[in-house]
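# Inside the fold
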Amino acid sequence: DVKVTQSSRYLVKRTGEKVFLECVQDMDHENMFWYRQDPGLGLRLIYFSYDVKMKEKGDIPEGYSVSREKKERFSLILESASTNQTSMYLCASSSSGTDTQYFGPGTRLTVL
Amino acid sequence: EDQVTQSPEALRLQEGESSSLNCSYTVSGLRGLFWYRQDPGKGPEFLFTLYSAGEEKEKERLKATLTKKESFLHITAPKPEDSATYLCAVQAVGSNTGKLIFGQGTTLQVKP
């Protein structure tokens, strides 16, 4: 079974803090994705990566950066957290062969 | 612009009352259509992938079908445990990075 894990299920941070969200997949997938999900807005793509050290902006990259130093790990960084970044963050991975995305359990981030 | 629209937004059924969820899509060319189930506070769980018009996939009480413009998720004799949000996503031809376009989802509630 594909397994995607995220470093925290719940996280509370203060405005202005630097926040790291980690995602690890164990299926040797080439592609990895970071989404945020908010009520009424659905899933919105923040960044994705199709190879180690490669990254592309999604639909809402402002205020975020990413890092992919190893194939299995994809990190989302909030350089200076703001209250409007309070959200559910979801990581996903997929193989270039099938394109089916498999999701992690999510991290509910609250910025106070 | 590539787009996915799901209807209805919310659906309430009595246990055993069959119904269908709709996913309409507009893409330049369809590479694949994906259905996911999402329980509250959790990451989406993959259900089906459909690739070409006329294709059907089944899993327990769920059956997904695909035409050139839309997909249906048929739920036969639903049970309360089928209550969840169902997400539809498409991948366009020419997308070689695995990027998916998600709909807003249909929230299904099945009452005993």
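Let me sum up the structure you'll find in this document. (Residues numbered from 1 in each chain as written. Chains lettered and ligands numbered in written order. Predicted model: local features only at pLDDT ≥ 70, side-chain atom pairs only at ≥ 80, totals over all residues. Heavy atoms only, no water.)

## A word on the pairing of strand β5 (residues 42-51) of chain A
All names here are of chain A. Burial within β5 is extensive, with 7 of its 10 residues counted as buried. Taken together, the 7 bridges between strand β4 (residues 31-38) and β5 define a ladder with antiparallel strand orientation. Within the sheet, the bridge partner assigned to phenylalanine 33 lies in β5 and is phenylalanine 48. Between the antiparallel neighbours β4 and β5 lie 3 residues, among them glycine 40 with a positive phi of about 80 degrees. Once β5 ends, the chain turns through 2 residues before running back antiparallel as strand β6 (residues 54-57), passing lysine 53 with a positive phi of about 65 degrees. (Buried < 20%, exposed > 50% of the residue type's maximum accessible area, 1.4 Å probe, protein only. Helix = DSSP H or I, 4+ residues; strand = E, 2+ residues; numbered from the N terminus. Pairing = 2+ DSSP bridges.)

## Comments concerning the interface of chain A and chain B
Buried accessible area, meaning the area lost when the parts come together, often serves as the stated size of an interface. Listed by partner, the interface residues are 25 residues for chain A and 19 residues for chain B. Summed over both partners, the interface of chain A with chain B comes to about 1,600 Å²; 52% of that surface belongs to carbon and sulfur atoms. Applying the counting rule to chain A against chain B returns 2 salt bridges. Measuring nitrogen to oxygen at the nearest pair gives 4.0 Å for the salt bridge that ties aspartate 59 of chain A to lysine 99 of chain B. In this structure, the connection of chain A to chain B is made through 7 residue pairs in polar contact (both at pLDDT 80 or more). Secondary-structure elements contributing two or more residues to the side of chain A that touches chain B are β4, β5, β9 (87-94) and β10 (102-103) of chain A. Here the side of chain A that touches chain B is built from residues that sort into 12 nonpolar, 9 polar and 4 charged. (Contact = heavy atoms within 4.5 Å. Buried area = accessible area lost by both parts, 1.4 Å probe. Salt bridge = Lys/Arg side-chain N within 4 Å of Asp/Glu carboxyl O. Polar contact = N/O pair within 3.5 Å; in protein donor to acceptor, adjacent residues only side chain to side chain. Nonpolar A, V, L, I, M, F, W, Y, C, P; charged D, E, K, R; others polar.)

## Concerning the sheet that holds strand β3 (residues 19-26) of chain B
Residue and element names in this part refer to chain B. In spatial order, the strands read β1-β3-β8-β7-β6; together these 5 strands make up an open sheet with antiparallel pairing. At either margin of the open sheet sits one strand with a lone partner, and together these are β1 (3-7) and β6 (56-59). Looking at each pair of strands side by side, their axes are set apart by 15 degrees on average, direction ignored. Looking at chain direction, β1 and β3 are connected through 5 bridges and run antiparallel. (Axes fitted to C-alpha atoms, helices over the stretch in contact; angles between N-to-C directions.)

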